[in-house]
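One letter stands for each residue in the lines below.
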Amino acid sequence: MSQATVRIPTPLRPLTGGSDEVAAVGHTVGEVLSELGGRHNGFLDRILDGQGKLRSFVNVYLGDSNVRSLNGLDSAVADGAVIHIVPAVAGGRDIPGGGIAGDDISGDGIPGDDIAGETR
Amino acid sequence: MISDLSESVTRSSATQSSATLITAVDAVTVPGVAATELWLTGVQRRDLAYLVEASYPFEACGLLVGSADTERVDVQDVFHARNLNVERARDRFLLDPDDHMAADRSARARGLDIVGIWHSHPDHPARPSITDLEAAWEGFSYLIISTTASGANDFRSWRLQGGKFIEEKIRETPQTSSSSEEES
Ligand SMILES: [Zn+2]
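Let me begin by describing the structure that accompanies this report. The numbering scheme is per chain: residues are counted from 1 as the chain's sequence reads. Chain A is the first chain written and ligand 1 is the first ligand written, with later ones labelled in order. The model is predicted, so local features are restricted to residues of pLDDT at least 70 and side-chain atom pairs to those at 80 or more, both for listing and for counting; the totals for chains, interfaces and linings are taken over all residues. Note that water and hydrogens are dropped before the side-chain values are worked out from all heavy atoms of the structure.

We now examine the overall build of chain B. Numbered from the N terminus, helices here are DSSP runs of H or I no shorter than four residues, and strands are runs of E no shorter than two. In terms of regular secondary structure, chain B is built from three helices and eight strands. Element order for chain B, N to C, with α for helix and β for strand: β-α-β-β-β-α-β-α-β-β-β. Throughout this description, buried means an accessible area under 20% of the type-specific maximum (1.4 Å probe, protein chains only), exposed means over 50%, and partly exposed covers the range between. Out of the 184 residues in chain B, the part that is buried amounts to 53%. We call two residues in contact when some of their heavy atoms are within 4.5 Å. A separation of at least 24 residues holds for 65% of the contacts in chain B among residues at least 6 apart in sequence. Using a 1.4 Å probe, the Shrake-Rupley method yields the accessible areas, and only the shown protein chains count as cover for residues. Surface summary for chain B: the accessible area is close to 8300 Å², and the carbon and sulfur share equals 49%.

Structure, rendered in structure tokens:
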């Protein structure tokens, strides 16, 4: 059994009594999160879906690595490990047609077609 | 200026509202966490304008690091993050979680926190879209910057509360001349 520190992002702190950091134990990331979830009602539901898989809008880091690039929830946790929960952040704007002044969005052909790879 | 914030959320018993509110990220009602003002320095505002203009006509996004209590969010640092949504960079963003992680580490090392998200709306008003709403989390400020070919023209900040975005005031943090000493 390893003891890990789990860092909680602001939006989930209401579920950990306001704590930004919580200690929890387990052999794997999944076990650590479940152990934590057992003590904090509602916490696990925000992280895992009905099948017990990591929700798409939540990222979990073990040390510096996103667990999706490791062994997922089965990634082994060493004693003293730090697990970060990182909420996925996404968004955008509404599709054109809103009649916004100065909009040149529609003048460029199919949105998203000529964009890939370009950076400025 | 203001340092501790983790303590300000001690009202814990956020009860899950049983209704499935809007989104995949269902809202948790958090009494007392709604901030009503976002404080930015003039320099931060200029930095943000620069970043969104440099990315135009594509969306730019990033994180706001600082401290927050129940009344105000004080921004200390503006982080620029990569947009992983390359295919639709004109109207969508997906903030690189590695950048998020880096900002979080840097924030915590200084006793600060990620307090908000910023992104641009090229040729679009600084109002949250449906997409923004669907992906939003309670507890963050969402700063949206409207920009056109002639530059950033509108800054507005929003907070998700009970499944809706509520606009919060943006205030200008007075620039302390030499150091950031407490005045109180
Ligand atoms: Zn948006």
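Our focus in this paragraph is the pattern of salt bridges. All names here are of chain B. Only one rule defines a salt bridge in this text: a Lys or Arg side-chain nitrogen within 4 Å of an Asp or Glu carboxyl oxygen. Going through the model one piece at a time under the given rule, you end up with 13 salt bridges over all chains. When the shortest N-O distance is used, the salt bridge between Arg 171 and Glu 37 registers 2.9 Å. Highlighted residues: Arg 171 in strand β8 (residues 164-173) and Glu 37 in strand β1 (residues 37-41), separated in sequence by 134 residues. The class of Arg 171 is partly exposed, set by a relative accessible area of 34%. Salt-bridge contacts for Arg 72 lead to Asp 74; the nearest nitrogen and oxygen are separated by 2.8 Å. The network of salt bridges with common partners includes Arg 82, Asp 96 and Asp 99.

What follows concerns the sheet that holds strand β4 (residues 65-66) of chain A. Across the sheet, which stays open at both edges, the five strands sit in the order β2-β1-β5-β3-β4 (chain A) with mixed pairing between neighbours. Two strands lie at the open edges of the sheet, namely β2 (21-26) and β4 of chain A, each paired on one side alone. Strands pair, by our definition, only if DSSP identifies at least two bridges between them. In this structure, strand β1 (residues 2-7) of chain A lies alongside β2 of chain A, joined through six bridges in antiparallel fashion. Considered in β2 of chain A, the bridge of Val 6 of chain A is made with Val 22 of chain A. Packing of helix α1 (residues 29-39) of chain A onto the sheet brings it into contact with β1, β2, β3 (58-62) and β5 (82-87) of chain A, and relative to β2 of chain A it is tilted by some 120°. The axes used here are C-alpha line fits, helices contributing only the stretch in contact, and every angle between their N-to-C directions lies in the interval 0 to 180 degrees. Most of the contacts of helix α2 (residues 97-109) of chain B go to β5 of chain A, to which it runs at about 120°, and overall it touches β1, β3, β4 and β5 of chain A.

Read these as spatial facts, not as claims about activity.
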